[in-house]
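Residue-level structural notes
The chain contents come next:
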Amino acid sequence: MTRQTLVLLVCSVFLLGLSNSEYYSVDTFGGNGFSKGLRFGFYAATCPKVETIVRESFTSNIFRDPTAAGALIRLAFHDCQVGGCDASILLSSSDSITSELVSDRNFGIRRLDFIDSIKSSLEASCPGVVSCADIIALAARDSIRISGGPNIPILLGRRDSTSASNLAADRSIPLPTISVDDTISLFQSKGMTLQETVAILGAHTVGVGHCVSVLDRLYPTQDPNLLPPRSAQLRAQCPPTPPQLLNNNTFFANDFTNVFFDNQYFRDILNGQGLFGIDSKIALDKRTSRIVSMFATNQAYFFAVFSSAFNKMLASNVLTGSSGEIRRDCKVVNS
Ligand code: HEM
Ligand SMILES: *[C@@H]1O[C@H](CO)[C@@H](O)[C@H](O)[C@H]1NC(C)=O
């Protein structure tokens with residue numbers, strides 16, 4: 001599809017999303033030991049309107065580029081994978097830091113300007129109080145809600161790192177070719193159950209992917225679980241060229257309704273329409289396929305399990321208490 005039709009489609013969907021979103025209010029994050037010093041209402045005394053300020057800034061920006069929702073949900077995952085959910089991904093290169101964005105694993109990360117814009121609004125109301133790491137978490141939460149997904153209560157209290165590592169990004173952000181075994185251990189290390197692991201991958205219900213992420217499923221031989229019409233679409237648009245020569249402007253919808261946060265992703269992967277290797281694999285593996293089928297038919301249950309998984313992801317190796325700092329500018333360490 002063209003950028004124009006995408007933006008039009010997305011705009012109408014977001015209007016719908018706004019009116020729908022309040023129906024899905026879930027609170028499933030119990031005291032299971034994975035909150036790691038984070039809590040609800042962390043800024044109640046220091047910046048009581050934090051969630052409203054974030055939402056207002058986010059909402060005014062999202063109409064400029066509705067596709068930012070997918071980008072910001074992925075941003076949270078990629079931040080949490082490197083060191084922990086500490087906003088290390090936002091640090092620009094300097095004498096002592098190489099930005100994590102130079103890592104190929106962060107290909108496609110965009111719309112960091114949304115984070116900067118939210119940060120300025122917060123600095124105006126509560127200077128030096130709200131961390132960039134919490135802003136990433138809240139922006140991802142708002143992206144899910146505005147796309148029609150669950151309205152997820154988020155634990156807050158993260159602090160920001162004073163360092164970043166592009167090499168750690170190379171090591172820790174998974175490739176789309178990851179196995180089901182490695183995916184299970186990755187999310188198990190964050191305290192997720194098997195159901196939560198399948199649910200968190202359901203984030204691929206929104207957003208896009210590029211040829212570089214699907215070439216392995218096309219050449220030298222086509223993945224037998226990649227079926228028409230998806231297979232024909234990908235073959236037609238992604239030629240068997242080395243990654244350096246790929247046209248990175250070509251992108252594909254992650255699922256057939258990629259502007260909605262819904263359970264279409266699970267029906268698509270059961271039908272050979274998954275975009276990335278791992279999407280296709282969880283629909284086939286005996287351990288995960290039953291859960292995929294359940295989410296494919298029960299969206300409310302998917303939303304509930306996703307909500308608890310999301311808070312566990314956002315609690316990965318967080319800095320709390322007096323560790324780290326509250327960055328004044330998300331792109332640079334405080335001097
Ligand atoms: C095994 C774990 C995962 C793998 C291997 C994986 C892989 C990928 C890849 C290859 C892309 C496309 C990059 C591109 O070509 O532009 C992508 C996009 C995306 N991923 Fe994942 N992912 C994983 C888990 C997650 C999780 C846990 C989340 C969030 C909770 C997430 C959210 C997204 C979103 C929203 C997009 C679309 C981004 C956009 O529209 O710009 N992914 N993922
Ligand atoms: C496309 O993106 C990949 C992955 O980051 C990169 O290796 C490649 O050089 C890019 N291709 C072009 C033509 O810029």
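Residues numbered from 1 in each chain as written. Chains lettered and ligands numbered in written order. Predicted model: local features only at pLDDT ≥ 70, side-chain atom pairs only at ≥ 80, totals over all residues. Heavy atoms only, no water.

Let me state the cut-off plainly: UniProt positions are given in the numbering used here, feature names are shortened, and annotations may be inferred rather than shown by experiment.
In the annotation of an unreviewed UniProt entry, the chain is listed under the name Peroxidase and assigned to Selaginella moellendorffii. UniProt annotates the chain under Subcellular location (unreviewed entry) with the comment "Secreted". The record held by UniProt for the chain lists under Function (unreviewed entry) the comment "Removal of H(2)O(2), oxidation of toxic reductants, biosynthesis and degradation of lignin, suberization, auxin catabolism, response to environmental stresses such as wounding, pathogen attack and oxidative stress."

Structural notes on the pattern of salt bridges
In plain terms, the rule: The term salt bridge refers to a pairing of a side-chain nitrogen on Lys or Arg with a carboxyl oxygen on Asp or Glu at a separation within 4 Å. Secondary structure elements are defined from DSSP: runs of H or I of at least 4 residues count as helices, runs of E of at least 2 residues count as strands, and each element is numbered from the N terminus. Here's how the labels work: a residue is buried when its accessible area is under 20% of the maximum for its type, exposed when over 50%, partly exposed in between, all with a 1.4 Å probe on protein chains only.
Counted according to the given criterion, the structure contains 14 salt bridges. Between lysine 119 and glutamate 123 there is a salt bridge; the shortest N-O distance is 3.0 Å. Here lysine 119 pairs with glutamate 123, and both are found in helix 4 (residues 112-125), just 4 residues apart, close to one helical turn. When its relative accessible area of 4% is taken as the criterion, lysine 119 is described as buried. The partner of aspartate 142 in a salt bridge is arginine 141, and the shortest N-O contact between them spans 3.0 Å. Exposure remark for aspartate 142: the relative accessible area of 2% places this residue in the buried category. Since its relative accessible area comes to 4%, arginine 141 is described here as buried. Where salt bridges share partners, they join Glu51, Arg141, Asp142 and Arg145 into one cluster.

Observations concerning the packing of helix 3 (residues 68-81) against helix 4
What describes two packed helices is the angle between their axes and the distance between those same axes. Going by this rule: Each axis is a line fitted through C-alpha atoms, taken for helices only over the stretch in contact, and angles between the N-to-C directions span 0 to 180 degrees. For classification purposes, an angle smaller than 35 degrees is called roughly parallel, one larger than 145 roughly antiparallel, one from 65 to 115 roughly perpendicular, and anything else oblique. We call two residues in contact when some of their heavy atoms are within 4.5 Å. Under the grouping applied here, Gly and all other residues not named as nonpolar or charged are polar, the nonpolar ones being Ala, Val, Leu, Ile, Met, Phe, Trp, Tyr, Cys and Pro and the charged ones Asp, Glu, Lys and Arg.
For the pair helix 3 and helix 4, interaxial distance at closest approach is 9 Å and the crossing angle is 80°. Relative to helix 4, the element helix 3 is oriented roughly perpendicular. Mapping the contact onto sequence places Ala68, Leu72 and Leu75 in helix 3 and Leu112, Phe114 and Ile115 in helix 4. A class-by-class count of the residues in the contact of helix 3 with helix 4 yields 6 nonpolar, no polar and no charged.

Quick word on the coordination of the iron atom of ligand 1
For clarity, the threshold we go by: Donor criterion used throughout: N, O or S atom within 2.8 Å of the metal, extended to 3.2 Å for Na, K and Ca. Water excluded; incomplete-looking sites may result.
You will see that the iron atom of ligand 1 has only one donor from the protein, His204 (NE2), lying 2.1 Å away. For histidine 204, the position within the fold is in the loop between helix 8 (194-201) and strand 1 (208-210).

Digging into the packing of aromatic side chains
The line we're drawing: Here a pair means two rings of Phe, Tyr or Trp (six-membered ring of Trp) with centres within 6.5 Å. Their orientation is stacked below 30 degrees between planes, edge-to-face above 60, and tilted elsewhere.
The full count for this structure, using the stated rule, is 14 aromatic pairs. Aromatic pair phenylalanine 302 and phenylalanine 303: ring centres 5.6 Å apart, planes at 55°, arrangement tilted. For the pair formed by phenylalanine 302 and phenylalanine 303, the shared burial category is buried. Within the aromatic cluster, the residues linked to one another by ring pairs are Phe261, Tyr265, Phe266, Phe295, Tyr301, Phe302, Phe303, Phe306 and Phe310.

Points about the site of ligand 1
How we decide: Whether a residue is near a molecule or strand is decided by its heavy atoms; if any one of them lies within 4 Å of it, the residue is near. Distance and chemistry together define a polar contact, namely a pair of N or O atoms within 3.5 Å, with one atom able to donate a hydrogen and the other to accept it when in protein, and with adjacent residues in sequence counting only for side-chain atoms on both sides.
For ligand 1, the set of nearby residues contains 26 residues, the closest of which are Arg110, His204, Val208, His210 and Ser213. Note that an oxygen atom of ligand 1 is positioned 2.7 Å from one of the side-chain N or O atoms of histidine 210. Those elements that provide at least two residues to the shell around ligand 1 are helix 3, helix 8 and strand 1. With 5 residues, helix 3 is the single largest residue contributor to the shell around ligand 1.

What to know about the site of ligand 2
Selection rule: Method for areas: the Shrake-Rupley scheme with a 1.4 Å probe, in which residue coverage is limited to the protein chains shown.
Within the structure, ligand 2 sits among Asp104, Phe107, Pro243, Gln244, Leu246 and Asn248. Separating an oxygen atom of ligand 2 from a side-chain N or O atom of aspartate 104 is a distance of 3.2 Å. Within the side chain of asparagine 248, a nitrogen or oxygen atom sits 2.5 Å from an oxygen atom of ligand 2. Relative to its free-state accessible area of 360 Å², ligand 2 is covered by the protein chains to the extent of 63%. For the shell around ligand 2, a count of residues per class yields 3 nonpolar, 2 polar and 1 charged.

Overview of the side chain of glutamate 123
On the accessibility criterion, glutamate 123 (19% relative accessible area) is buried. What glutamate 123 contacts, discounting residues up to four positions off in sequence, is Gly128, Val129 and Arg328.

A short note on the UniProt feature "site: Transition state stabilizer" (unreviewed entry) in the chain
As recorded in UniProt, the sites labelled "site: Transition state stabilizer" (unreviewed entry) are Arg74. In this fold, arginine 74 is placed in helix 3. Since its relative accessible area comes to 31%, arginine 74 is described here as partly exposed.

Things to note about helix 8
Extensive coverage of helix 8 is indicated by the burial of 6 of its 8 residues. Its buried side turned inward, helix 8 meets helix 7 (180-188), helix 10 (264-270), helix 11 (277-284), helix 12 (286-297) and helix 13 (299-313).

Side note on the state of the cysteines
Formally: For the purposes of this analysis, a disulfide is any pair of cysteine sulfur atoms at a distance within 2.5 Å.
For the structure shown, the criterion picks out 4 disulfides. A disulfide bridge connects cysteine 80 with cysteine 85, and the sulfur atoms are separated by 2.1 Å. Judged by the sign of its S-S torsion, about 115°, the cystine formed by cysteine 80 and cysteine 85 is right-handed. The buried category is assigned to cysteine 80, whose relative accessible area is 4%. Given a relative accessible area of 2%, cysteine 85 falls into the buried group. Ordering the disulfide-forming cysteines of the chain by sequence position, one finds them joined as 1-4, 2-3, 5-8, 6-7.

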